[in-house]
Amino acid sequence: MISALERQRYQRQIGIKEVGEEGQERLKAAKVLVAGAGGLGSASLPYLVAAGFGAIRIIDQDLVELSNLNRQILHWTEDIGRPKTASAMDKLGRLNPEVDMESFQEKITNKNADALVGDCDLIVDALDNLSTRYILNRVAIEKGIPFFHGAVSGFEGRAMTIIPGRTACLHCFYRGRLKGKKTPVIGVTPAIIGIIQATEVIKYVLGTGKLLTNTLMVYDGLSATFNKFKINRDPNCKACGHLPS
Ligand SMILES: [Zn+2]
């Protein structure tokens, strides 16, 4: 049930026919894991929190650095040296105290990933490296929960929504490893991609609209274009090939 105060807070979105009070209750019942409180997380987190998801878990091992601040707008100059989790929790808690938030300042590994995802209903990929994405892609498949992929570089970004057993997973089209070097990026790119991820999460929980499943959406800021590429599920995929189609 949503309270009178919540009804007021979310009034403008409850008024959308795809949301309504029932949709708002669905958002409130959902527990979202956001893996990464960097550029992508700085965009998706405030909107997920503002939308009234019931519970949000944030994982990030890093401390705020000066070089983060061109894009990670959840963190401010005064936060340099603090854990990103603490900095994010501070601001988000003030944005919407109705949301039950928790954070873990940990590196996601093959060993701890299952426990870190815990009872979350879905995973937002706000990471900056492919190896950790593979770990969460695997855990999402094992738990049968959706995985909302996002990645950025320069003026370009991409997003895809993965529903294990039903749609292509990350491994179906990403192969091998990428070098671990830091990718240069302009702050507006993770902002756009993070908000697309948040939109996908909202649509998924509401059960409305058409998701970016089996579809890689590629945004090019320089030409101001969005392109969609069809991604087929690979029956021999190492991660999801064992699931029935
Ligand atoms: Zn796959």
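Since this is a predicted model, take the numbers as computed values, not measurements.

**Student:** Sorry if this is basic, but what is going on with the environment of Ser103 here?
**Tutor:** As for its placement among the helices and strands, Ser103 is situated in strand E3 (residues 100-104). Sequence-wise, Ser103 and Ala115 are 12 residues apart; in three dimensions their C-alpha atoms are separated by 13 Å. If near-sequence neighbours (up to four positions away) are discounted, Ser103 is found in contact with Arg57, Ile58, Thr85, Ala88 and Met89.

**Student:** How do you make sense of the pairing of strand E7 (residues 215-220) when you look at a structure like this?
**Tutor:** The sheet contact formed by strand E6 (residues 156-162) and E7 spans four bridges and is antiparallel. The residue bridging Glu156 from the neighbouring strand is Asp220, located in E7. Here E7 pairs with strand E8 (residues 225-230) via six bridges, running antiparallel. From the neighbouring strand, Asp220 faces E8, where its bridge partner is Thr225. Count of turn residues in the E7/E8 antiparallel hairpin: four residues, of which Ala224 carries a positive phi of about 55°.

**Student:** Is there a simple way to explain helix H7 (residues 130-143) in this structure?
**Tutor:** What sets the pattern is the α-helix's 3.6 residues per turn: residues three or four places apart point alike. Over its 14 residues, H7 runs 20 Å from end to end, which matches the ideal 20 Å to within 8%, given 1.5 Å per residue. Listing the buried residues of H7 in full gives Arg133, Ile135, Leu136, Asn137, Arg138, Val139, Ala140 and Ile141. On the buried face of H7, the contacting elements are strand E1 (31-35), helix H6 (113-117), strand E4 (122-125), strand E5 (147-153), E6 and helix H8 (170-173). One or two steps after H7, the chain reaches Gly144, where phi turns positive at roughly 65°.

**Student:** Sorry if this is basic, but what is going on with the sheet that holds E3 here?
**Tutor:** Working definition: the strands of a sheet are paired by backbone hydrogen bonds and lie parallel or antiparallel to each other. In space, the eight strands of this open sheet follow the order E3-E2-E1-E4-E5-E6-E7-E8, with mixed pairing throughout. Strands with a single pairing partner mark the edges of an open sheet, and in this sheet they are E3 and E8. Going from strand to strand, the sheet's axes swing by 15° on average, the running direction of each strand aside. Helix H4 (residues 39-51) rests against E1, strand E2 (55-59), E4 and E5 of the sheet, and its axis sits at about 165° to E1. Against the sheet, helix H5 (residues 84-95) makes contact with E2 and E3, and its axis sits at roughly 170° relative to E3, the strand it touches most.

**Student:** What is the right way to read the nonpolar core from this model?
**Tutor:** One broad rule of soluble globular proteins: the nonpolar side chains tend to lie buried together. With 56 residues, the main nonpolar core has Val32, Ala35 and Ile123 as its most contacted residues. Those residues in contact with Ala35, other than ones at most four positions away along the chain, are Ile59, Ile108, Ile123, Val124, Asp125, Ala126, Leu127 and Leu136.

**Student:** Sorry, what's going on with unusual backbone geometry here?
**Tutor:** The general pattern is negative phi for most residues beyond glycine and trans for most peptide bonds. The backbone of Asn214 sits at a positive phi, close to 55°, despite the residue not being glycine. Here Asn214 is to be found in the loop between helix H9 (188-206) and E7. Of note in the backbone geometry, Ala224 takes a positive phi value of approximately 55° without being a glycine. Inspection of the secondary structure puts Ala224 in the loop between E7 and E8.

Analysis parameters
Residues numbered from 1 in each chain as written. Predicted model: local features only at pLDDT ≥ 70, side-chain atom pairs only at ≥ 80, totals over all residues. Helix = DSSP H or I, 4+ residues; strand = E, 2+ residues; numbered from the N terminus. Contact = placed C-beta atoms within 7 Å. Pairing = 2+ DSSP bridges. Expected span 1.5 Å × (residues − 1). Buried ≥ 20, exposed ≤ 12 C-beta atoms within 10 Å, placed from the backbone. Axes fitted to C-alpha atoms, helices over the stretch in contact; angles between N-to-C directions. Core = buried A, V, L, I, M, F, W, Y, C linked by C-beta atoms within 7 Å.

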